[in-house]
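Here's the letter readout for the chains.
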Amino acid sequence: MPVETLLKLIKQNSGKLTPMIKTSTSLLLILITSLMGGEATLINSGNRHITNLNGEWNYIVDPYENGYYNYRYEAFDQQTHPGKGAFFNNSKPADKTDLVEYDFDKSDVIYVPGDWNSQKEKLFYYEGSVWYKKSFDYKKANSRNRVFVRFGAVNYQADVYLNGEKLGTHVGGFTPFNYEVTNLLKDVDNFLVLKVDNKRHKEAVPTLNTDWWNYGGITRDVIIVEEAPTFIDDYLIQLNPENDQQIKGFIQLNGVESENQRIRLRIPQLGINKKVKTGATGRATFSYKIKNLRRWSPKTPHLYDVTLNYGDQTLGDRIGFRSIETRDSNILLNGKKIFLKGISIHEENPLRGGRAYSPEDAELLLNWAKNLGCNYVRLAHYPHNEYMVRLADEMGIMVWEEIPVYWTIDWNNPDTYKNAENQLTEVIQRDKNRSSVIIWSMANETPTSPRRHEFLGKLATHARGLDPTRLISAALEQSTDPNDPMVKYISDEFADVVDVLSFNEYIGWYDGTHEKCQKISWNITQNKPVIISEFGAGAKYGFHGDKLTRWSEEYQNEVYVETLKMLDKIPQLSGVSPWILADFRSPRRPLPDIQDGWNRKGLISDKGEKKQAFFTLQAYFKAKGD
Ligand code: GCU
């Protein structure tokens, strides 16, 4: 009998059980649930009862994966007795005669969170498997509690083990995941081991080729989360998109006693102090009329303190309330037309030359954007860490979030689609209460085909099913009019699906020089808002020449001057997010003395120096007004 059926039967008949049997039954239920390794969302994990496992971890570089496969290339974790060769057993010699050919505790250490490329010179170009190990003691606050281990992100595939037991495998380098470890945890000497593999694959998401550095590692926080046997696992608390005088949403419990439970929802500044009751699936839905709402916006990024209470649990969050919609070719924030004064950003701290992962990194990047005059950022080309979107909430910066469906994805592979859809699910689950997030992007510069259209269409449907409150977009394909080389238009059939049209254009860089901008006209026929999701040019900071000297700051600046004039002629223009805030590492950019492994389209150099074009864009945004 499937465990879920057993659980249901016990719950349905618990009334007929004697108190003694009832108590042992509920303990049995807790045991079964935790043995089931309860799937958990653990939204807003940072505000829960957590223990941080960040810091120094031992690591072993394993290019032949001999810590995972035996010499017959059979996976150790598929064997009943994997033996001491399996690195996830963290083995030690039993005595002086014993043979063990690895030792985590005698191996080098690396910092978590963080990519290995920028931390270890010998791993700068490494693509393969690295084993990580963290030893820790853990005493539960209450013996009945449940415990999870959660990862902010691991790029690209993580095989996770605790005390020699496999917890699972996660694929996708930019979204959070967790495993229940209630039954595996010991008070002392736990060892958490991961095999992290950042090899690129044709069927992966992203696929083999990208224009960014393939940073490998445990690139975001690792935490232990302790929860009561039944706890608040997930919630949506947003303005009702159909009625902006209403807050609506749901609260989801996780645990065996999740039915007919009462949860208190408080939003004091809105006078909300309500008890909601869960149904059979442990979910409570609600909608409440509100008045005198202070809506979130770039000018007034007001966040409300929200508190959820269940049993002796209190979970707090800070949530902004705003509406976002399109009407004809306009984007309306809180019912008013808004122009998105944006910039594209990679998740990289250029001063460190590595993956960004911390609140300080988020402050560096978003303060640069704020200084530029932005009210919007495009977080390219994958979900960034949660600090970025939470800080954007606080700073009043609207956000485009994107999954790495980038360039030549393997459209015909069902596993590739499942992977992309899972990454979309995980980022929407994490950020659905963030008022700063206004757009979910399904893709970037993907070649059109029937299978690509089907793939992206399914993703858009999935996103709208999970979250009908935000806009859908993608960096679409554009074409040149066959009858007139100076006329461009959006030729992408996905334009019919998205709410906001977006495309990348590089006239003046990949397509002629900036003088061409004056001759081009954009013939966009769709009556939808248009965001130019990328334009730009490369420049080495401090390299000067005339306006036609490529790689000079003057050339880059002239591309901005001429492009902005050209784009302002597009009637539907509702925003821009030029490429890109700061220079970033890319293996595609080897030009000595200019690129040296960096994409130089940043408005800011890898040393934090502002190029001429920074000030041109800043002036353009200033002239656009609020
Ligand atoms: C493309 C792509 C970016 C890339 C940029 C460039 O538009 O979307 O990821 O970095 O062009 O060529 O610099």
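Residues numbered from 1 in each chain as written. Predicted model: local features only at pLDDT ≥ 70, side-chain atom pairs only at ≥ 80, totals over all residues. Heavy atoms only, no water.

**Digging into unusual backbone geometry**
- In this model, Val112 is joined to Pro113 through a cis peptide bond whose omega is 0°.
- The peptide bond linking Val205 to Pro206 adopts the cis configuration, its omega dihedral lying at 10°.
- Relative to the assigned elements, Pro206 resides in the loop between strand S9 (190-197) and strand S10 (222-227).
- In this structure, Glu65 takes a positive phi of about 50° despite not being glycine. (Helix = DSSP H or I, 4+ residues; strand = E, 2+ residues; numbered from the N terminus.)

**Structural notes on the sheet that holds strand S20 (residues 336-337)**
- One open sheet accounts for 3 strands, arranged S18-S19-S20; its pairing is antiparallel. The open sheet has two free edges, formed respectively by strand S18 (324-327) and S20, since each of these has just one partner strand.
- With 4 bridges joining them, S18 and strand S19 (residues 330-333) adopt antiparallel strand pairing. Considered in S19, the bridge of Thr326 is made with Ile331. (Pairing = 2+ DSSP bridges.)

**Looking at the packing of helix H7 (residues 553-567) against helix H8 (residues 612-624)**
- At a minimum axis separation of 8 Å, H7 and H8 run at an interaxial angle of 20°. By the angle between their directions, the pair H7 and H8 is classed as roughly parallel. Relative to H8, H7 is oriented so that their crossing is right-handed. For the pair H7 and H8, contact is made by Glu553, Glu554, Gln556, Asn557, Tyr560, Val561 and Leu564 and by Gln612, Ala613, Thr616, Leu617 and Tyr620, respectively.
- When its residues are assigned to classes, the contact of H7 with H8 shows 6 nonpolar, 4 polar and 2 charged. (Axes fitted to C-alpha atoms, helices over the stretch in contact; angles between N-to-C directions. Parallel < 35°, antiparallel > 145°, perpendicular 65-115°, else oblique. Left-handed = near helix turned anticlockwise from the far one by under 90°. Contact = heavy atoms within 4.5 Å. Nonpolar A, V, L, I, M, F, W, Y, C, P; charged D, E, K, R; others polar.)

**Observations concerning helix H6 (residues 450-466)**
- Here H6 is 17 residues long and its end C-alpha atoms lie 24 Å apart, about the 24 Å a rise of 1.5 Å per residue gives.
- Among the residues of H6, those classed as buried are Arg452, Phe455, Leu456, Gly457, Leu459, Ala460 and Ala463.
- On its buried side, H6 packs onto helix H5 (414-431), strand S26 (437-444) and strand S27 (471-476). (Expected span 1.5 Å × (residues − 1). Buried < 20%, exposed > 50% of the residue type's maximum accessible area, 1.4 Å probe, protein only.)

**Describing the packing of helix H3 (residues 359-372) against H8**
- At a minimum axis distance of 8 Å, the contact between H3 and H8 shows a crossing angle of 60°. Classified by the angle their axes make, H3 and H8 are oblique. Contacts from Trp368, Asn371 and Leu372 in H3 reach Phe614, Leu617, Gln618 and Phe621 in H8.
- Partitioning the contact of H3 with H8 into residue classes produces 5 nonpolar, 2 polar and no charged.

**Let's talk about the sheet that holds strand S16 (residues 304-310)**
- Reading across from one edge, S14-S13-S16-S17 is the order of the 4 strands in this open sheet, with antiparallel pairing throughout. Every interior strand has two partners, whereas the edge strands, strand S14 (272-277) and strand S17 (313-319), have only one. Across this sheet, the average inter-strand angle for adjacent strands is 20°, counted without regard to direction.
- As defined by bridge partners, S16 adjoins S17 across 7 bridges and the pair is classed as antiparallel.

**A word on the side chain of Asn58**
- For Asn58, the position within the fold is in strand S2 (residues 55-61).
- When its relative accessible area of 11% is taken as the criterion, Asn58 is described as buried.
- Within the structure, the side chain of Asn58 is placed 3.1 Å from the backbone oxygen of Ser107, a separation counted as a polar contact. (Polar contact = N/O pair within 3.5 Å; in protein donor to acceptor, adjacent residues only side chain to side chain.)

**Considerations on the site of the ligand**
- Among the 14 residues in the neighbourhood of the ligand, the closest are listed as Asp211, His381, Glu445, Tyr510 and Glu534.
- Between the ligand and the protein, one listed contact pairs an oxygen atom with a side-chain N or O atom of Trp579 at 3.1 Å.
- About the coverage of the ligand: the protein hides 97% of its 320 Å² of free accessible area. (Near = heavy atom within 4 Å. Areas by Shrake-Rupley, 256 points an atom, 1.4 Å probe, with all protein chains shown as cover.)

**As for the pattern of salt bridges**
- Counted by the stated rule, this structure contains 46 salt bridges.
- Ionic pairing is found between Arg430 and Glu401, a salt bridge with its closest N-O pair at 3.5 Å. With a gap of 29 residues between them, Arg430 in helix H5 and Glu401 in strand S25 (residues 398-402) connect regions that are remote in the sequence. As far as the burial class goes, Arg430 and Glu401 line up, both buried.
- A salt bridge links Asp606 to Lys607; the nearest nitrogen and oxygen atoms lie 3.2 Å apart.
- Take Asp606: its relative accessible area is 14%, and that puts it in the buried class.
- Of the residues examined, Lys607 reaches a relative accessible area of 60% and is grouped as exposed.
- Here the salt bridges share partners, and the residues they tie into one network are Lys92, Asp103, Asp105, Lys106 and Lys133. (Salt bridge = Lys/Arg side-chain N within 4 Å of Asp/Glu carboxyl O.)

**A look at the pairing of S17**
- The alternating pattern of S17 places Gln313, Leu315, Asp317 and Ile319 on a buried face, while none of Thr314, Gly316 and Arg318, on the opposite face, is buried.
- Connecting the antiparallel pair S16 and S17 is a turn made up of 2 residues, with Gly311 showing a positive phi of about 60°.

**Observations concerning the environment of Glu325**
- Looking at the element boundaries, Glu325 is found in strand S18.
- Note on Glu325: relative accessible area 30%, which makes it partly exposed.
- Residue contacts for Glu325: discarding those within four places in its chain leaves Asn330, Ile331, Leu332, Gly335 and Leu471.

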